Amino acid sequence: MSFLELQNITKIYPNGTKAVNETSLNIDNGEFVVFVGPSGCGKSTLLRMIAGLEDITNGEISLDGNVINNIDPSERDVAMVFQNYALYPHMSVFNNMAYGLKNRGISKEEINNKVNDVAKLLEIDQLLTRKPSMLSGGQRQRVAMGRAIVRNPKIFLFDEPLSNLDAKLRNQMRLEIKRLQRQMGVTSIFVTHDQTEAMTLGDRIVVINNGVVEQVGTPKEIYSKPYTKFVAEFIGSPQMNLFNCKIENGIAHIADMRINLNNSANIDDASLGIRPDDILISDNGQHTCVANLVEYLGSDMIIYSKIGDQEFSCKLSSKINLNAGDTFKFDISNTLVHLFDNTNGSRV
Amino acid sequence: MKFKPLEILTHIILILGVLLMVLPIWFSFATSTHDNVSIMTEGMKFFLGESFSQNYNEVLNEKGGWSEEVTAARMFVNSFIMALGIATLKVVISAMSAYALVYFRFKLAVPIFWLIFITLLVPLEVRIFPSYKIVSDLGLTNTYTGLILPLVASATATFFFRQFYKTIPDELLESAKLDGANSWRFFIDFLLPLSKTMLAAMFIFMFVYGYSQYLWPLIMTTDEKYWTVVMGMKIIFTENYEGVALPRTGERFAYIILSMLPPVLVVVILQRWFIKGLIQTEK
């Protein structure tokens, strides 16, 4: 039996919106799981149901062997870090961290020790007497983390906690969260819409779209073998190229381009996906295109081009000398493509 | 430093405004330090006189009223108790009812809120006879409870607290819930400290409101022991008016000046929070 089990969880809001639909998921003890999906896909709702902040319309959640559907949030032994941190503005950093412990009737001395230990761990021990309004964004983030850690919960829930930070700080905090989670080994669920965060943080990633889980897997599985067209498009930057095409006897027809897929598929309406960095540019490539636009990114560059009327991009080392308007030759290897059936969006 | 014409003009207007408000009070104070003969013969005074201690001493300690038992000091105590009771209870009750309206999802919350709001249209003066009937049936005439109780509900304060609570982000409540705060603890540990400027502002408003009540104590009290300052203003030091005695103008002005002090003190003490409460919310 898993540490956290979601069974056929459904959430329907009073106005009839179905936010989460028949979702089942098992999470092991100590695992770091990331829920990722576009905004409004139900990932936060799912997290809030685990926290007990939303009622569950249907289904069952159990934590550490106990069904927690009707257990009060405070007794679930979960800690949450909110997007805007939700620090208590009228309390000092110390009291922010100590409040949850006080409510559990822990002795003053023990609270002192615990808060000081966690503050040292997060390097906020100099800030304990300050009010949240006197802290910078990064410091607030640390306090919010500290407040969760100090309670030593069964499970950490992160609701897009990095989205209010600037890019540099975000990378730094991302690493820190990962490090802390490893160090403490507490089961964690992290919600984000940022696929980079998802890829870097998660032991496993749950891709959610329209209230439905599209795919669960390690970052590598999700990246290299997306189950659905949605996952293929959502994970990876720049986005995977998807060509609408017709497959006849294992040969994809994209405009006047032919790609041998080395199988015997026959699909009228298919999507052929290839990641921009999987397009192999070489002087003796089979296909030829014109670079319409070149985006220089330092070590890499992205070339935008068209096959027929379908746009695509390829990512390559900027050492290659190629300018807008130039023609280039490339190959698409049939081992690197992803084939999806457009009628249901699933992988073939 | 140079002044532009517009600046000079605005300053003149401001100074005139200040004079307009302060001068009558100064006249009253100056007059209250003179003896009755000079006031009678020379009218209102601008400069201070010599009867300060005599007048103020008489005001505070002379027994008056029909029973010759009530002193102004006693009336000050009564007014203070009444205003304090009204202000405290109004603030506490409004804060709690606003809490219920905003945070507890019960079916009729919105209609109930508007029902409370509508009572703004029905001030005490309109419902004074029914209110009197209720209080007297409960046997509360001539008690502090009777003076205070009918005035402790406040639509205005409820409204302000409701608006304030609505600006508090939901995450705060959710985070507090996860930290094990029940509804009572959330109110005490979060809403009250967060709204302390608001509490101070409301307390001042309600204290002045309670202190300046006239009609209600007038109807409520037949026993002079429960007279209030504002009632006294009409009644005190008038008993010897007719006949040979001079009107006791000096004492009456002294009484007026004294009657202004408690609300002024409350404002002075709480003004730091009061101004904050009106212009900003501490979030």
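Residues numbered from 1 in each chain as written. Chains lettered and ligands numbered in written order. Predicted model: local features only at pLDDT ≥ 70, side-chain atom pairs only at ≥ 80, totals over all residues.

Caption draft 1: Local environment of the overall build of chain B. Along the backbone of chain B there are 14 helices and zero strands. The globule rule puts the C-alpha radius of gyration for 283 residues at 19 Å, and the 24 Å found for chain B is more than 25% above it. Seen through its C-alpha atoms, chain B measures out along the principal axes to roughly 75 × 70 × 30 Å. In chain B, which comprises 283 residues, the proportion classed as buried is 33%. In chain B, of all internal contacts separated by at least 6 residues, the share reaching a separation of at least 24 is 74%. (Helix = DSSP H or I, 4+ residues; strand = E, 2+ residues; numbered from the N terminus. Rg over C-alpha atoms; globule rule 2.2 N^0.38 Å. Buried ≥ 20, exposed ≤ 12 C-beta atoms within 10 Å, placed from the backbone. Contact = placed C-beta atoms within 7 Å.)

Caption draft 2: Quick look at the overall build of chain A. Regarding its fold elements, chain A presents eight helices and 21 strands. Here the C-alpha coordinates of chain A stretch approximately 75 × 45 × 35 Å along the principal axes. Scored against the burial criterion, the 348 residues of chain A give a buried share of 39%.

Caption draft 3: Quick peek at the domain arrangement of chain A. All names here are of chain A. Considered domain by domain, chain A is made up of domain 1 (4-233) and domain 2 (238-341). When each unit is reduced to the centre of its C-alpha atoms, the spacing between domain 1 and domain 2 is 38 Å. Each side of the interface is counted separately: domain 1 has four residues, and domain 2 has seven residues. (Domains from an automatic or database assignment.)

Caption draft 4: Quick peek at the interface of chain A and chain B. With 17 residues of chain A at the contact, the number on the chain B side is 16 residues. Within the residue set of the side of chain A that touches chain B, elements represented by two or more residues are strand E6 (78-81) and helix H2 (93-103) of chain A. Here the residues of the side of chain A that touches chain B sort into eleven nonpolar, five polar and one charged. (Nonpolar A, V, L, I, M, F, W, Y, C, P; charged D, E, K, R; others polar.)

Caption draft 5: Structural view of the packing of helix H4 (residues 72-103) of chain B against helix H8 (residues 155-166) of chain B. Residue and element names in this part refer to chain B. The interhelical angle for the contact between H4 and H8, taken along N-to-C directions, is 45°, at an axis separation of 8 Å. The angle between H4 and H8 places the two elements in the oblique class. By crossing handedness, the relation of H4 to H8 is classed as right-handed. Of H8, the residues touching H4 (which contributes Lys 90, Val 91, Ser 94, Ala 95, Ser 97, Ala 98, Tyr 99, Leu 101 and Val 102) are Ala 157, Thr 158, Phe 161, Arg 162, Tyr 165 and Lys 166. (Axes fitted to C-alpha atoms, helices over the stretch in contact; angles between N-to-C directions. Parallel < 35°, antiparallel > 145°, perpendicular 65-115°, else oblique. Left-handed = near helix turned anticlockwise from the far one by under 90°.)

Caption draft 6: Here's a closer look at the environment of A:Met240. On the secondary structure map, A:Met240 appears in the loop between helix H8 (229-234) and strand E11 (241-248). Linking A:Met240 and A:Ala19, residues 221 residues apart in sequence, is a C-alpha distance of 27 Å.

Caption draft 7: Molecular detail of the sheet that holds strand E13 (residues 257-260) of chain A. Residue and element names in this part refer to chain A. Pairing is antiparallel across the open sheet formed by five strands, whose spatial order is E13-E12-E11-E14-E21. Looking at which strands have only one partner, the edges of the open sheet turn out to be E13 and strand E21 (338-341). Pairs of neighbouring strands in the sheet enclose a mean axial angle of 40°, with direction left out of account. For E11 and strand E12 (residues 251-254), the ladder comprises three bridges, and the chain directions are antiparallel. Each residue of the ladder has a partner; that of Lys 246, found in E12, is His 253. (Pairing = 2+ DSSP bridges.)

Caption draft 8: Focus on the sheet that holds strand E5 (residues 66-67) of chain A. All names here are of chain A. Strand order in the open sheet formed by four strands is E2-E1-E4-E5, and the pairing between neighbours is antiparallel. Each edge of the open sheet is held by one strand with a lone partner, namely strand E2 (18-27) and E5. Here strand E1 (residues 4-12) runs beside E2; their pairing, made up of six bridges, is antiparallel. Residue pairing in the sheet places Ile 12 in a bridge with Lys 18 of E2.

Caption draft 9: Region of the structure containing the packing of H8(B) against helix H11 (residues 196-211) of chain B. Residues and elements named next belong to chain B. Where H8 meets H11, the axes come as close as 11 Å, and the angle between the chain directions of the two elements is 170°. Between H8 and H11, the angle falls in the class roughly antiparallel. For the pair formed by H8 and H11, the contact residues are Ala 157, Phe 160, Phe 161 and Phe 164 on the first element and Met 198, Met 202 and Met 206 on the second. Its residues placed into classes, the contact of H8 with H11 shows seven nonpolar, no polar and no charged.

Caption draft 10: Up close: the confidence of the model for chain A. Across chain A, the average pLDDT comes to 91, with 100% of residues at or above 70. Across chain A, element-level confidence peaks in strand E3 (residues 32-36) of chain A with a mean pLDDT of 96 and bottoms out in E13(A) with 87. (pLDDT = per-residue confidence, 0-100.)

Caption draft 11: Spotlight on the confidence of the model for chain B. For chain B, the mean per-residue pLDDT works out to 85, and 90% of the residues sit at or above 70. Both scores are available for the predicted complex, with the pTM at 0.81 and the ipTM at 0.83.

Caption draft 12: Molecular detail of the environment of B:Asn182. For B:Asn182, the location among the structural elements is in the loop between helix H9 (170-178) and helix H10 (183-194). A C-alpha to C-alpha distance of 19 Å links B:Asn182 and B:Ile93, two positions 89 residues apart in sequence.

Caption draft 13: Structural view of the pairing of strand E8 (residues 187-192) of chain A. Residues and elements named next belong to chain A. Most of E8 sits inside the fold, with six of its six residues counted as buried. Where E3 meets E8, five bridges bridge the pair, whose relative direction is parallel. The residue of E8 that forms the bridge with Phe 35 is Val 191. The β-α-β motif built from strand E7 (residues 155-159), the intervening helix H5 (residues 167-184) and the parallel element E8 has right-handed crossover chirality. (Right-handed = clockwise from strand over helix to strand, strands pointing away.)

Caption draft 14: Representation of unusual backbone geometry. Of the consecutive residues A:Ser237 and A:Pro238, the connecting peptide bond is found in the cis state with omega at -5°. Its place among the elements puts A:Pro238 in the loop between H8 and E11. Phi angles above zero are rare outside glycine, and A:Ala255 is one such case at about 50°. Relative to the helices and strands, A:Ala255 resides in the loop between E12 and E13. Look at A:Ala255 and you get partly exposed, because 13 C-beta atoms sit within 10 Å. Residues other than glycine seldom take positive phi values, yet B:Asn142 does so here, at roughly 60°. With respect to the secondary-structure elements, B:Asn142 resides in the loop between helix H6 (128-137) and helix H7 (144-148). Residue class for B:Asn142 comes out partly exposed when judged on the 15 C-beta atoms lying within 10 Å of it.

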